[in-house]
Amino acid sequence: MQLALNLAKKGKGWTSPNPLVGAVVVKDGRVIGQGYHETYGQPHAEVNAVASAKEDVAGATLYVTLEPCSHLGRTPPCSDLLIEKKIQRVVVGTFDPNPLVAGKGIERIRNAGVEVDVGVLEKECQLLNEVFMKYIITKEPFVVMKTAMSLDGKIATVTGESQWISGEASRQQVHNLRHELSGIMVGVETVIRDDPKLTARGPNSKNPIRIVVDSQLRIPLASTVLTQQDTAKTIVAATERADSERVKTLKQMGVEVIVTKEKSGRVDLRELMKTLGAMGIDSVLLEGGAALNFSALEEGIVDKMQVYIAPKIIGGKHAKTAVEGAGVADLKEAFQLNRMTAGMVGEDLVVEGYLDK
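The structure presented is a predicted model; accordingly, all values stated were derived computationally and were not measured. (Residues numbered from 1 in each chain as written. Predicted model: local features only at pLDDT ≥ 70, side-chain atom pairs only at ≥ 80, totals over all residues. Heavy atoms only, no water.)

Caption draft 1: Up close: the overall build of the protein chain. Helices and strands together make up the secondary structure of the protein chain, namely twelve helices and 16 strands. In terms of overall dimensions, the protein chain has a C-alpha envelope of 65 × 45 × 40 Å along the principal axes. By the burial criterion, 50% of the 357 residues in the protein chain qualify as buried. When contacts within the protein chain are restricted to residue pairs at least 6 apart in sequence, those whose partners lie at least 24 apart make up 71%. (Helix = DSSP H or I, 4+ residues; strand = E, 2+ residues; numbered from the N terminus. Buried < 20%, exposed > 50% of the residue type's maximum accessible area, 1.4 Å probe, protein only. Contact = heavy atoms within 4.5 Å.)

Caption draft 2: How the structure looks around helix H2 (residues 45–52). Taken residue by residue, H2 has Ala45, Glu46, Asn48, Ala49 and Val50 as its buried positions. At its buried positions, H2 is contacted by strand S1 (22–27), strand S2 (30–36), strand S3 (61–66) and helix H3 (78–84).

Caption draft 3: Here's a closer look at the environment of Leu82. Topologically, Leu82 is positioned in helix H3. Sequence separation of Leu82 and Glu161 is 79 residues, and the distance between their C-alpha atoms is 57 Å. Beyond its immediate sequence surroundings of up to four residues, Leu82 is in contact with Glu46, Val50, Leu62, Pro68, Ile87 and Val90.

Caption draft 4: The arrangement of the sheet that holds strand S5 (residues 115–118) in detail. Spatially, five strands are ordered S2-S1-S3-S4-S5 in an open sheet, and the strand pairing comes out mixed. The sheet is open, and its two edges are formed by S2 and S5, each paired on a single side. With strand direction ignored, the average angle separating the axes of adjacent strands in the sheet is 15°. Of the strand pairs in this sheet, S1 and S2 are connected by six bridges, and their pairing is antiparallel. (Pairing = 2+ DSSP bridges. Axes fitted to C-alpha atoms, helices over the stretch in contact; angles between N-to-C directions.)

Caption draft 5: Main features of the sheet that holds strand S15 (residues 337–345). What the nine strands build is an open sheet, ordered S10-S9-S8-S7-S13-S6-S14-S16-S15; its pairing is mixed. Strands with a single pairing partner mark the edges of an open sheet, and in this sheet they are strand S10 (256–260) and S15. Between one strand and the next, the sheet's axes are offset by a mean angle of 20°, whatever the strand orientation.

Caption draft 6: The arrangement of the packing of aromatic side chains in detail. Applying the stated criterion across every chain yields a total of one aromatic pair. Taking the centre distance of 6.0 Å and the plane angle of 70° together, the rings of Phe294 and Phe335 count as edge-to-face. Residue Phe294 is found in helix H12 (residues 290–298), and its partner Phe335 is found in the loop between strand S14 (304–310) and S15; the two are separated by 41 residues along the sequence. Judged by its relative accessible area of 31%, Phe335 falls in the partly exposed class. Sitting over the face of the ring of Tyr135, Lys139 holds its NZ or CZ atom 5.6 Å from the ring centroid. For the cation-ring pair, Arg339 lies above Tyr354, with the distance from its terminal atom to the ring centre recorded as 3.9 Å. (Phe/Tyr/Trp six-rings, centres within 6.5 Å; stacked < 30°, edge-to-face > 60°. Lys NZ or Arg CZ within 6 Å of the ring centre and 35° of its normal.)

Caption draft 7: Structural view of the pairing of S14. Of all seven residues in S14, seven are buried, a share of seventy percent or more. The alternating pattern of S14 places Lys304, Gln306, Tyr308 and Ala310 and Met305, Val307 and Ile309 on opposite faces, both of which are buried. In this sheet, S14 lies alongside strand S6 (residues 142–150) in parallel orientation, the contact comprising seven bridges. Bridged to Val144 within S14 is Lys304. Pairing geometry for S14 and strand S16 (residues 348–355), over six bridges, is antiparallel.

As structure tokens, then:
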């Protein structure tokens, strides 16, 4: 199953909105076939694993990270293939929460006389597909808030200089994350201040859809995210207060404009998440500024935080921190994280945790 998990990870960034799945065929104690879901719309992991087998798979055991599908989608049901090929036993990492599957795949192959075991490395298999698990149930994107700060919590100096607080290894890991997730979201202040590209830089990388939260459409028309539509698509989220002529201009540039209702003078982030989910965006990397970060936490749209802490002390009473906004009045109102992990990437400490909802 660990081998199947490692195979599944090779599909990161390419299978959305499908899950990451790996499969291994074992016969007489030997691995005779292996495969993973490589690209959305292409054959599933089980199909690739069986196709790669160097001998007849009849009587073999198939290890797969996620329950085999039982419905006809862009590809035929994998459960039918396993029955047809006379696989003797199937070991499943975890159930598929997709209502079209949800135990039906396992029931189907069991009814055909195939021995089935479920729950091997289950937590690891669920964690691998945390994006899929949320999106398939809620139809809203899984949101990862990422920030880089100094050891004393600053994201910039008092003059506004912020490049680069984190090290090269951390920055490359963030570019990998941009490749893996469907969208990347920032506030308009970030665009005005830094004019970022918001692309994934690395070999064989896929660019995320760029999402700019801009209540009144103050985004400069010469911004890279607007002028380089051939590099990556850009969506701008505004409120009904935005100038209609400005909306028309952006649309003429090929930019998609989403108009939400207003909440506390800003874009309603919960409504925005529902709209993005309906557009097929299953995950968002939030690289917002301090104000947008607080709004995102306050509105409860953040699922996971990833904080890169550099071994630097910046200081400065007025130097910006990662989360500002109105803040909370009492400690009991603080945003609580759980399932915390920590590790090193290059010279930086990386802390991850999930928001307690």
